[in-house]
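Listed here are the chains, written in short residue letters.
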Amino acid sequence: MNLIKATKKDIPLIQDLAKRSWENAYADILSQEQMKYMLDTMYSEAEISEHLKNPNYHYYLVMDEVLNVFDGFLGYENHYEDQTTKLHRIYLVPESKGKGLGKKTLEFLNVKVKESGDHRIILNVNKYNSAKSFYESQGYQVYDDGVFDIGNGYVMDDYLMEIIL
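Below is a short write-up of the structure. Everything quoted here is computed from the prediction, not taken from an experiment. (Residues numbered from 1 in each chain as written. Predicted model: local features only at pLDDT ≥ 70, side-chain atom pairs only at ≥ 80, totals over all residues. Heavy atoms only, no water.)

Examining the side chain of Asp10
- Along the chain, Asp10 falls in the loop between strand 1 (2-5) and helix 1 (11-25).
- Side chain to side chain, Asp10 and Lys9 meet in a polar contact 3.2 Å long.
- Among all residues touching Asp10, those that are not within four sequence positions of it are Lys5 and Leu61. (Helix = DSSP H or I, 4+ residues; strand = E, 2+ residues; numbered from the N terminus. Polar contact = N/O pair within 3.5 Å; in protein donor to acceptor, adjacent residues only side chain to side chain. Contact = heavy atoms within 4.5 Å.)

This is the structure:
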């Protein structure tokens, strides 16, 4: 596995990976309409471009070097809060599950967070997403929950999780 720093030219690839992973991860959780709305807004070219302009926001592409394919991506923001990095996005396409890429990607994130001087990682995970148990297996714990209005009559019903490094 290799993690490659993403640039503006990678936006279409990030959008494709997001769509492919979301269709699997959220098929039984979100309506098709909400999924389309969220992908169209959260993964628009303009939105990702803004992230890439932020020196604290980083995208990495997850590459399977053996098969020479991209399996997913990571998006995080250092210094989101005091000494805290927010893991905004970590998604893997369905065919990559079980390769250990999620664990390796989180290990990579831990190194990057420590290099930044932060000591805590936070994330939101949908209350019905099986990824919650994956995060718990990697040392994350729920510290709160919340329902967040994301517009167009939709909400995100999430657990807030953290790990202290």
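Moving on from the model shown.
Let's talk about helix 3 (residues 45-53)
- Those residues of helix 3 not exposed but buried are Ile48, Ser49 and His51. Down the axis of helix 3, the buried side of the element spans an arc of 160°, and every buried residue falls inside it. Projecting away from the buried face of helix 3 at angles above 90 degrees are the exposed residues Ala46 and Lys53. (Buried < 20%, exposed > 50% of the residue type's maximum accessible area, 1.4 Å probe, protein only. Arc of directions from axis to C-beta.)

Some details on the environment of Pro12
- Tracing the backbone shows Pro12 in helix 1.
- Using a relative accessible area of 51% as the deciding quantity, one classes Pro12 as exposed.
- C-alpha of Pro12 to C-alpha of Tyr43: the two residues are 31 residues apart in sequence and 9.5 Å apart in space.

Looking at the pattern of salt bridges
- Going through the model one piece at a time under the given rule, you end up with 14 salt bridges.
- Linking Lys99 and Asp71 is a salt bridge whose minimum nitrogen-to-oxygen distance equals 3.3 Å. In this pair, Lys99 sits in the loop between strand 4 (84-92) and helix 4 (101-116) while Asp71 sits in strand 3 (residues 69-81), placing the two residues 28 residues apart along the sequence.
- For Lys127, the salt bridge identified is with Asp145, shortest N-O distance 3.5 Å. With Lys127 in the loop between strand 5 (120-126) and helix 5 (131-137) and Asp145 in strand 6 (residues 141-151), the pair connects residues that are 18 residues apart, well separated along the chain.
- Judged by relative accessible area, which is 39%, Asp145 ranks as partly exposed.
- One continuous salt-bridge network, built from bridges that share partners, spans Asp16, Arg20 and Glu95. (Salt bridge = Lys/Arg side-chain N within 4 Å of Asp/Glu carboxyl O.)

These values are about where atoms sit, not about what they do.
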